[in-house]
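The lines below spell out each chain.
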Amino acid sequence: MADDVTQQVLREQAAFQLANVTKTAPQYGAITPRWLVRLLDWKPLEAGTFRRNRVDEGKAIEVTCGQVEEASLPGTYVQYEENPKEYHLSAINAVLNVHTRIPDLFNKPYDQTGEQLRLMIEHVKERQESELLNNADYGFLHSVPKPQHIKTRAGAPTPDDLDELLTKVWKEPSFFLAHPRTIAAFGRECTRRGVPPPTVTLFGSPFLTWRGVPLVPTDKIHISGKTNTSKILLLRVGERKQGCIGLFQPGLAGEQSPGLSVRFMGINNQAIASYLISLYCSSAVLTDDAIAILEDVDVGHYHEYKFESK
């Protein structure tokens, strides 16, 4: 019956063909705030190498207190480690290929090459934070001295566990670092004990804290699928505090941000333009007591709350 009705107006589907559709730039769900990169102090290097000099703690430095009359003062000096550790910058590279036909024909409203580069740079920066934590040579998870390792008392992360971790980095601790599910597990244990952790605002975002130290989330500290456990790091950051620092190479050709550059590599005979994205970074722990780790953290423990009706 409807087919027999004479059409009197332009239909919406046909009219839509002349409309300009409002669209977003490509959304990339893997992008995170990368709090670790923001909170670290970054030191520029020369020649891509950083030498960490330390005092030889085994050589006692003699001093006197309460000199008696003309007693001789002992001569002493400060001994340095003769074979200091050196850190070398690690490179994260990617090559972006874009057919020249794409930006020639489809470059509005968004710059096609610019969007591809933006997303590639975000991916490289995500990898940077992952390497800062998990790299076998310089990642913080692999840089914790043995005396700075502790385990949970009962699996789930409790206030007692974090208090114990704070005794390992008691000189001006900067922040805890943990997976979001680990932080949630700690929140549950605090709620269970009636001591909900206060919050603090950093960079416009709220963070849970314990003893005034923020718990910073990152998905780069992984959760073991077999045991449902993870880890919590505690760091002191900054060279002045003899803490943990990030390392980068300044003054790169095509520098987009500290340590990151984008360089045009040319167009081949297939009309494909190539761009090299390079990021140079590393990290260093200046003193042993600048970092500690809580291991075997159970993130899957929940409590049942029973409420009695009046």
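Since the model is a prediction, treat every value here as computed from it, not as a measurement. The residue numbering used here restarts from 1 in each chain and proceeds along that chain's sequence as written. Local features in this predicted model are restricted to residues whose pLDDT is 70 or higher, and side-chain atom pairs enter the listing and the counts only when it is 80 or higher, whereas totals over whole chains, interfaces and linings include all residues. Each side-chain value is derived from all of the structure's non-hydrogen atoms; neither hydrogens nor water enter the calculation.

Caption draft 1: Main features of the overall build of the protein chain. Check the secondary structure of the protein chain and you find 6 helices and 15 strands. The globule rule is 2.2 Å times the number of residues to the power 0.38, and the radius of gyration it is compared with is taken over C-alpha atoms. A compact globule built from 310 residues would reach a C-alpha radius of gyration of about 19 Å, whereas the protein chain, at 28 Å, exceeds it by more than 25%. When the 310 residues of the protein chain are sorted by exposure, 40% land in the buried category. Taking all contacts inside the protein chain whose residues are at least 6 apart in sequence as the whole, residues at least 24 apart take part in 75%. Here, Shrake-Rupley sampling with a 1.4 Å probe gives the accessible areas, and only protein chains in the shown set may cover a residue. With an accessible surface of roughly 19,300 Å², the protein chain has 51% of that area assigned to carbon and sulfur atoms. Side chains of the protein chain give 34 positive and 37 negative charges; the mean places of these two sets differ by 4 Å. Runs of H or I in DSSP of at least four residues are treated as helices and runs of E of at least two as strands, each being numbered from the N terminus. In this scheme, a residue with accessible area under 20% of its type's maximum is buried, one over 50% is exposed, and one in between is partly exposed, where area comes from a 1.4 Å probe on protein chains only. We call two residues in contact when some of their heavy atoms are within 4.5 Å. Neither His nor the chain ends is counted toward charge; the positive residues are Lys and Arg and the negative residues Asp and Glu. Every charge is mapped to an atom, namely NZ of Lys, CZ of Arg, CG of Asp or CD of Glu.

Caption draft 2: Broad picture of the sheet that holds strand S9 (residues 213-217). What the 7 strands build is an open sheet, ordered S5-S15-S10-S6-S9-S8-S7; its pairing is mixed. The two strands at the open ends of the sheet, each matched to only one other strand, are strand S5 (149-151) and strand S7 (199-202). Recorded for the sheet is a direction-independent mean angle of 30° between the axes of neighbouring strands. Criterion used throughout: strands pair if DSSP finds at least two bridges between them. Note: S5 against strand S15 (residues 291-298), 3 bridges, orientation parallel. Across the sheet, the residue bridging to Lys 151 is Glu 295, located in S15. Where helix H6 (residues 180-192) meets the sheet, its contacts fall on strand S6 (175-178), strand S8 (205-210), S9, strand S10 (229-235) and S15, and the angle it forms with S9 comes to roughly 135°. Working convention: axes come from line fits to C-alpha atoms, limited for helices to the stretch in contact. Angles between N-to-C directions cover 0 to 180 degrees.

Caption draft 3: Examining the state of the cysteines more closely. We call a pair of cysteine sulfur atoms a disulfide when they lie within 2.5 Å. By the definition in use, this model includes 0 disulfides. Take Cys 244: it sits in no disulfide, and the sulfur closest to it among the cysteines is that of Cys 281, at 15 Å. The class for Cys 281 is buried, based on a relative accessible area of 0%.

Caption draft 4: Layout of the packing of aromatic side chains. Any Phe, Tyr or Trp ring, taking Trp's six-membered ring, that has another such ring centre within 6.5 Å forms a pair; planes under 30 degrees apart are called stacked, those over 60 apart edge-to-face, and the others tilted. By the definition in use, this model includes 5 aromatic pairs. Between Phe 50 and Tyr 87, the aromatic rings sit 6.2 Å apart at their centres with planes inclined by 45°, giving tilted as the arrangement. Pair noted here: Phe 50 is in strand S2 (residues 49-52) and Tyr 87 is in strand S3 (residues 85-88), with a separation of 37 residues, a long-range link. Among the residues examined, Phe 50 registers a relative accessible area of 9% and is labelled buried. With relative accessibility at 7%, the residue Tyr 87 sits in the buried group. Put simply, the rings of Trp 35, Phe 203 and Phe 207 pair up and form one aromatic cluster. Any Lys NZ or Arg CZ that is within 6 Å of a ring centre and within 35 degrees of that ring's normal is treated as a charge sitting over the ring. Between Lys 59 and the ring centre of Tyr 77, over which it is positioned, the NZ or CZ distance is 4.5 Å.

Caption draft 5: Focus on the side chain of Arg 236. Examined against the element boundaries, Arg 236 turns out to sit in the loop between S10 and strand S11 (244-248). Contacts of Arg 236, omitting those with residues within four sequence positions, involve Val 169, Lys 171, Glu 172, Ser 174, Lys 241, Gln 242, Gly 243, Cys 244, Thr 287, Asp 289 and Ala 290.

Caption draft 6: Main features of helix H4 (residues 112-134). The end-to-end C-alpha distance of H4, which contains 23 residues, comes to 33 Å, matching closely the 33 Å that a straight helix rising 1.5 Å per residue would cover. As used in this structure description, the phrase polar contact means that two N or O atoms lie within 3.5 Å; if the pair is within protein, one of them must be able to donate a hydrogen and the other to accept it, and residues adjacent in sequence are counted only when both atoms belong to side chains. Measuring from the backbone nitrogen of Thr 113 back to the side-chain oxygen at the start of H4 gives 3.1 Å, which picks out Asp 111 as the cap. Here the expected length of a helix is defined as 1.5 Å per residue gap, with one fewer gap than residues.

Caption draft 7: Region of interest: unusual backbone geometry. Of the consecutive residues Lys 108 and Pro 109, the connecting peptide bond is found in the cis state with omega at 10°. On the secondary structure map, Pro 109 appears in the loop between helix H3 (101-105) and H4. For Phe 203, which is not a glycine, the phi torsion comes out positive at approximately 55°. By the element assignment, Phe 203 lies in the loop between S7 and S8. Its identity is not glycine, yet Gln 242 carries a phi of approximately 55°, on the positive side. Mapped onto the elements, Gln 242 comes out in the loop between S10 and S11. With relative accessibility at 47%, the residue Gln 242 sits in the partly exposed group.

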